[in-house]
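Residue-level listing of the chains:
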Amino acid sequence: QQQVKQSPQSLIVQKGGISIINCAYENTAFDYFPWYQQFPGKGPALLIAIRPDVSEKKEGRFTISFNKSAKQFSLHIMDSQPGDSATYFCAASMSAGNQFYFGTGTSLTVIP
Amino acid sequence: KAGVTQTPRYLIKTRGQQVTLSCSPISGHRSVSWYQQTPGQGLQFLFEYFSETQRNKGNFPGRFSGRQFSNSRSEMNVSTLELGDSALYLCASSLAASREKLFFGSGTQLSVL
């Protein structure tokens, strides 16, 4: 049972466009929501994260939007660049323990 | 500062064999977690160790086990390998006081034939 559902599975965006990846969860005990970026042959690396007490967090071209009532959160990549081409994973965790529940990933391709 | 190091990088085994994977965390990190990554399933949590004690365990059969040594290095063992165990096994370390940021290694790609 996938505790965090992620969509779309793959995404193709033109350079300069906006990439949007969505995630949904059911467990209201989750209180930390990170996004990880993974390049081929590498492990995932933390990109940006949010807690449910804020509705949006922005770091450079990357923004997380969080909707607590809908139990959804999304990653927006503004001005997408070919170097952003990677697989993106959303995740969630709760305060008890260090276990993260990951989405199934979105393969992003930014075409020049 | 060196990152998380996993060895070996690639491994080919046959069904029924057992395998041991190794992970050296970032210096000073005392928590080590293991994840299994497969296409379409994303990352699935296996277990987490802190100060040589298993703190959390995911929903995997008992064939999957691990341990952590006093220097925080960790090993993961899979016995009686099955074809479905073919996956990328990722190790991640984090500071004990901060559960938020996981630092992943590049993983061990295990193929079971």
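Up top is the structure these notes are about.
The structure displayed is predicted, hence computed values, not measured ones.

K.L.:
So what exactly am I meant to see when it comes to the state of the cysteines here?
P.N.:
What makes a disulfide is a covalent bond joining the sulfur atoms belonging to two cysteines. For the coordinates displayed, the defined rule picks out 2 disulfides over all chains. The side chain of A:Cys23 participates in a disulfide bridge whose partner is A:Cys90; the two sulfur atoms lie 1.9 Å from each other. Judged by the sign of its S-S torsion, about -95 degrees, the cystine formed by A:Cys23 and A:Cys90 is left-handed. Of this pair, A:Cys23 sits in strand 3 (residues 19-25) while A:Cys90 sits in strand 9 (residues 86-93), and the two are 67 residues apart along the sequence. The partner cysteine of B:Cys23 in its disulfide is B:Cys91, sulfur to sulfur 1.8 Å. Its S-S torsion of about -55 degrees marks the bond between B:Cys23 and B:Cys91 as left-handed, since a negative value means left-handed.

K.L.:
Looking at this structure, I do not really get the interface of chain B and chain A. What am I missing?
P.N.:
Put simply, an interface is often sized by how much accessible area is lost when its parts join up. Of the residues lining the interface, 24 residues belong to chain B; the matching set on chain A comes to 22 residues. Linking chain B with chain A are 0 salt bridges. Applying the counting rule to chain B against chain A returns 4 residue pairs in polar contact (both at pLDDT 80 or more). At the level of secondary structure, the elements contributing two or more residues to the side of chain B that touches chain A comprise strand 4 (31-38), strand 5 (42-50), strand 6 (53-57) and strand 9 (87-94) of chain B. Looking at the side of chain B that touches chain A, the element that brings in the most residues is strand 5 of chain B, giving 5 residues. The residue inventory of the side of chain B that touches chain A, partitioned by class, reads 7 nonpolar, 11 polar and 6 charged.

Here is what the cut-offs are and how they apply
Residues numbered from 1 in each chain as written. Chains lettered and ligands numbered in written order. Predicted model: local features only at pLDDT ≥ 70, side-chain atom pairs only at ≥ 80, totals over all residues. Heavy atoms only, no water. Disulfide = S-S within 2.5 Å. Helix = DSSP H or I, 4+ residues; strand = E, 2+ residues; numbered from the N terminus. Contact = heavy atoms within 4.5 Å. Salt bridge = Lys/Arg side-chain N within 4 Å of Asp/Glu carboxyl O. Polar contact = N/O pair within 3.5 Å; in protein donor to acceptor, adjacent residues only side chain to side chain. Nonpolar A, V, L, I, M, F, W, Y, C, P; charged D, E, K, R; others polar.

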